[in-house]
Amino acid sequence: MRNGQGAIYDAATLDAMPRARGGRDLQCLTEALYFEARGESIRGQYAVAEVILNRVDNANYPNSVCAVVNQGTGQRYACQFTYTCDGRPERVTETTVHRRLGQIARIMLDGGPRNLTQGATHYHTTAVNPRWARVYPRTARIGTHIFYRQAY
């Protein structure tokens, strides 16, 4: 982990850090956090990062951040992350939030702790109730997201 640092839940501390640097995985994770969780608390944003990284580590999913984030893209509503296939153009309009999410992504890619979701591989907002939510064990609720761990 960079500088031996764990998760940082304070926006001012994250904002004061030097801009996060990295390759495609950093870009993909930052983008996913922005479009999936920018309105959540910082804790909720870390939780979404956990899910993506837990999938990378799970044999049932692709083994890179970008491949996980883009799995099913191009098939309307058959993707894993709605923003990649909802047909709406995605634009970053909140640059401070985007930069902060880059810090969270960097921390998590550098081995940040994954202790918020108990190994979750799925989540959804409280506004929907997907079929799979009745099958997988629920592990956490953070903000408007409910988290689940794939049972097989």
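Residues numbered from 1 in each chain as written. Predicted model: local features only at pLDDT ≥ 70, side-chain atom pairs only at ≥ 80, totals over all residues. Heavy atoms only, no water.

Taken as a whole, this structure holds 2 disulfides when the rule is applied. At a sulfur-sulfur separation of 2.1 Å, the disulfide partner of Cys28 is Cys66. Taking the sign of the torsion about the S-S bond as the criterion, the disulfide between Cys28 and Cys66, at about 100°, is right-handed. Note that Cys28 is positioned in helix 2 (residues 24-37) and Cys66 in helix 4 (residues 65-69), a separation of 38 residues in sequence. Neither Cys28 nor Cys66 differs from the other in exposure class; each is buried. Through a disulfide, Cys79 is tied to Cys85; the S-S separation comes to 1.9 Å. In this structure, the disulfide formed by Cys79 and Cys85 twists by about -50° around the S-S bond and is classed as left-handed. (Disulfide = S-S within 2.5 Å. Helix = DSSP H or I, 4+ residues; strand = E, 2+ residues; numbered from the N terminus. Buried < 20%, exposed > 50% of the residue type's maximum accessible area, 1.4 Å probe, protein only.)

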